[in-house]
Amino acid sequence: MVPGSPAVLQLLRLVAAVSMLAVAGVALRERDSVVGRPFALLVVSHAAGRVLVFGSAVIDPGTRILKVGIGLAITVAAVSAPAFWLLYALDVTGRRRFLTRRRYIVLGVTTAGIPVVVGLRSLGGASVLPVAAWLYWVTVLLFVFWIFGLLVVGTYLLLQLAGRYRQVSYRQVGVLTVALLAPYVFSIASTLSRPTGPGETTDFLPIDITFVGFLIAAVGFGVAIERYPIFTAFPEADHVARADVLEELTVALFILDTDDRILDANAEAVRLCEQNAESVIGTDIHDVLGGLAPLPAAETTRLSLATADGQRRYEVTGPTVTAASHGPIGPTVLLRDITDRPTRQR
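Rules used in this analysis
Residues numbered from 1 in each chain as written. Predicted model: local features only at pLDDT ≥ 70, side-chain atom pairs only at ≥ 80, totals over all residues. Heavy atoms only, no water. Helix = DSSP H or I, 4+ residues; strand = E, 2+ residues; numbered from the N terminus. Expected span 1.5 Å × (residues − 1). Bend = angle between axes of the 7 residues up to and from the residue. Buried < 20%, exposed > 50% of the residue type's maximum accessible area, 1.4 Å probe, protein only. Contact = heavy atoms within 4.5 Å. Pairing = 2+ DSSP bridges. 1 Å grid on protein atoms, 1.4 Å probe; cavity = no way out; pocket = protein on both sides within 12 Å on 5 of 7 lines; lining within 4 Å. Points joined across faces, edges and corners; volume = space filled by probe spheres on them. Nonpolar A, V, L, I, M, F, W, Y, C, P; charged D, E, K, R; others polar. Phe/Tyr/Trp six-rings, centres within 6.5 Å; stacked < 30°, edge-to-face > 60°.

### A closer look at helix H3 (residues 64–92)
Helix length check: H3, at 29 residues, gives a terminal C-alpha distance of 42 Å against a target of 42 Å (1.5 Å per residue), a fit within 8%. The largest bend along H3 reaches roughly 25 degrees and is located at serine 80, with the proline proline 82 sitting one to four residues downstream. Positioned one or two residues after H3, glycine 94 has a phi angle of 75 degrees, which is positive.

### A short note on the side chain of arginine 312
One can find arginine 312 in strand S6 (residues 310–317). Residue class for arginine 312 comes out buried when judged on its relative accessible area of 16%. Dropping the residues within four chain positions of it, arginine 312 is found in contact with Leu303, Ser304, Leu305, Thr307, Asp337, Thr339 and Asp340.

### Comments concerning the pairing of S6
Two elements, strand S5 (residues 301–307) and S6, share seven bridges in a ladder whose sense is antiparallel. Note that in S6 the partner of leucine 303 across the bridge is tyrosine 314. In textbook terms, the turn of a hairpin is the stretch between consecutive antiparallel strands, and for S5 and S6 this stretch comprises two residues.

### Remarks on empty space enclosed by the protein
What the rule picks out here adds up to one cavity of 30 Å³ or more. What lines the largest cavity is simply Tyr88, Val92, Leu158, Leu161, Val168, Gln172, Val173 and Leu176. Mapped onto the lining of the largest cavity, the elements with two or more residues apiece are H3, helix H5 (130–164) and helix H6 (170–191). Each residue belonging to the lining of the largest cavity can be placed in one class, and the counts come to seven nonpolar, one polar and no charged.

### Quick notes on the layout of surface pockets
The probe, sized like a water molecule, is rolled over the atoms to show the empty space still left. For the largest pocket, the calculated volume is near 1100 Å³. Lining of the largest pocket is provided by 32 residues; of these, Thr75, Ala78, Tyr184, Ser187 and Ile188 occupy positions nearest its centre. At the level of secondary structure, the elements contributing two or more residues to the lining of the largest pocket comprise helix H2 (36–58), H3, helix H4 (101–124), H5, H6 and helix H7 (210–227).

### Considerations on the environment of valine 223
Here valine 223 lies in helix H7. With 47 residues separating them in the primary sequence, valine 223 and leucine 176 have C-alpha atoms 9.0 Å apart.

### Some thoughts on the packing of aromatic side chains
Going through the model one piece at a time under the given rule, you end up with four aromatic pairs. Relative to tyrosine 88, the ring of phenylalanine 39 has its centre 5.4 Å away and its plane inclined at 55 degrees; by these criteria the two rings are tilted. Of this pair, phenylalanine 39 sits in helix H2 while tyrosine 88 sits in helix H3; the two residues are 49 residues apart in sequence, bridging distant segments of the chain. Between the aromatic rings of phenylalanine 39 and phenylalanine 231, the centroid separation amounts to 5.4 Å while the plane-to-plane angle is 90 degrees, which identifies the pairing as edge-to-face. Linking phenylalanine 39 in helix H2 with phenylalanine 231 in the loop between H7 and helix H8 (242–245), this pair joins segments that are 192 residues apart in sequence.

Okay, here's the thing in structure tokens:
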């Protein structure tokens, strides 16, 4: 077999479908985490689209109704992914509470609009009147802009998060965005054509390379699941000027996830750990401050810690950070140095 032969192409398409199914299975195992469900549905929608495309190419659907039904299912999968992407971004950034019931309805109706319009057009076939065909393309164009808007807004929210939290890197957002967009980019590239004569066109590419986009998506999502904290929700802090509030605090503040890993820490907390910020973020707090075991509850406790300034006494509180749409995200740990307080004040 040589590259480009039908057998090799079918094998690569099969690999793309199996790879997407495997990554979808991994993502589904995290569906019960704070932000796991929309991400799992995002990956599943890509996997379903790939499987349906591969299945329809290998097995003849037979009747026209069945062929239209498969095409409609592929369209549903394609337009669902951007909606799940937006929901995932809203969950991660703690903004899902802004998505009211009315906005849910608008999101659902507009996302479902493309499959409905495409299905009606497919059933109408060549009998559709010219005016109806023109309205069809205008409607599709409007819906495409809507889907593109969902992709842009979701990506923008994640980029904002990366700029606010050191644990979220721009590379993480880039990997997720490439994995999301790759199937669309390669699918569009496969449909590009050029005119060759009156009423005739020919494709720029000799083969359909959509499967390459799904292979990239499978690798990208797999890498993101393995390497990045994509299932961690972050506190709602858009209204807080972080540099003016957290960094200027004279107390050490750690924000943790539910596994006691450090999501964020202000300058005083990093200084207390005697490490740089990059080393602290993502580390279990017990590994950098062993004297905190166990973590304090809501009550205020006091303890001694060995620091670069010698043995110091701290007043420690541990309130829980709560997101409006998901409940508890994780605890915070606030350490106030009381070493120099008069004994009576302690």
